[in-house]
Amino acid sequence: MNPDDRALYEEVILEHNRNPRNYPKNPRGATHHAHGFNPLCNDEITVHLKIADDAIRDIGFEGSGCAICMASASLMTEAVAGKSVAETEALIDKTHRMLAENGPSEGLGKLRVLEGVHAFPMRVKCATLPWHTLRAALRGGTETVSTEAETPSCPQPAGQ
Ligand code: ZN
């Protein structure tokens, strides 16, 4: 990435952090929700979706996080609003590959401003948290998604 692009991308990230889109927002008639937590940075957000006819009709999020987390969540809400569930699942996969594995960013549109995050390993989980949380919401999960744990199979010991 050339320095001019990098400066522009940083400006977009900072602007989304200052003025997050669809935040704080829990759309009227929301049907799907999930809560995500990144203990490495104390990023904590809740994603709300209104799904009808197999498409995302409305989306919002609440919570707080660092600039990268807030910008990623803000950009995410813009990117998936109106998309079908299948299109959204594909976008989650592609964005995750770009962020975590430095995968190709073609076709990701505005989300490409997050491409540089890959160079900062401590920040990757800040950027992926909203996307993990979105996936959990799509799948109707009610457990908290953590960037530091695999799906807990037994979060509450029986009898307690
Ligand atoms: Zn963070």
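The sections below set out a description of the structure shown in this document. Chains are numbered independently. Their residues run from 1 in the order of the written sequence. Reporting in this predicted model follows two pLDDT cut-offs: at least 70 for local features of residues, and 80 or more for side-chain atom pairs to be given and counted; totals over whole chains, interfaces and linings ignore these cut-offs and use all residues. Heavy atoms from the whole structure form the basis of all side-chain values; hydrogens and water molecules are not counted.

## A closer look at the coordination of the zinc ion
At the metal site, the zinc ion is ligated by Cys41 (SG), Asp43 (OD), Asp43 (OD), Cys66 (SG) and Cys126 (SG), and these contacts range over 2.2 to 2.6 Å. Along the chain, the residues that donate to the zinc ion are spaced as C-x1-D-x22-C-x59-C. Of this pair, aspartate 43 sits in strand β2 (residues 43–52) while cysteine 66 sits in the loop between β3 (55–64) and α2 (67–80); the two residues are 23 residues apart in sequence, bridging distant segments of the chain. This pair shows no difference in class: aspartate 43 is buried, exactly as cysteine 66 is. We call an atom a donor if it is N, O or S and sits within 2.8 Å of the metal, or 3.2 Å for Na, K and Ca. Water is not counted, so some sites may look partial. Numbering of helices and strands starts at the N terminus; helices are DSSP runs of H or I of at least 4 residues and strands are runs of E of at least 2. Buried residues are those whose accessible area, probed at 1.4 Å on protein chains only, stays under 20% of the maximum for their type, while exposed residues exceed 50% and partly exposed ones sit between those limits.

## Considering helix α1 (residues 3–18)
An ideal rise of 1.5 Å per residue puts 22 Å on 16 residues; α1 measures up with 23 Å between its terminal C-alpha atoms. A contact between two residues is defined here by any heavy atoms of the two lying within 4.5 Å. Elements that come into contact with the buried residues of α1 comprise α2. The span you would expect from a helix comes to 1.5 Å times its residue count less one.

## Section: the environment of alanine 137
Take alanine 137: it is sitting in helix α4 (residues 121–138). The exposure class assigned to alanine 137 is buried, which follows from its relative accessible area of 0%. Distance from alanine 137 to valine 47, taken between C-alpha atoms, is 6.9 Å for residues 90 residues apart in sequence. If near-sequence neighbours (up to four positions away) are discounted, alanine 137 is found in contact with His32, His33, Ala34, Val47 and Leu49.

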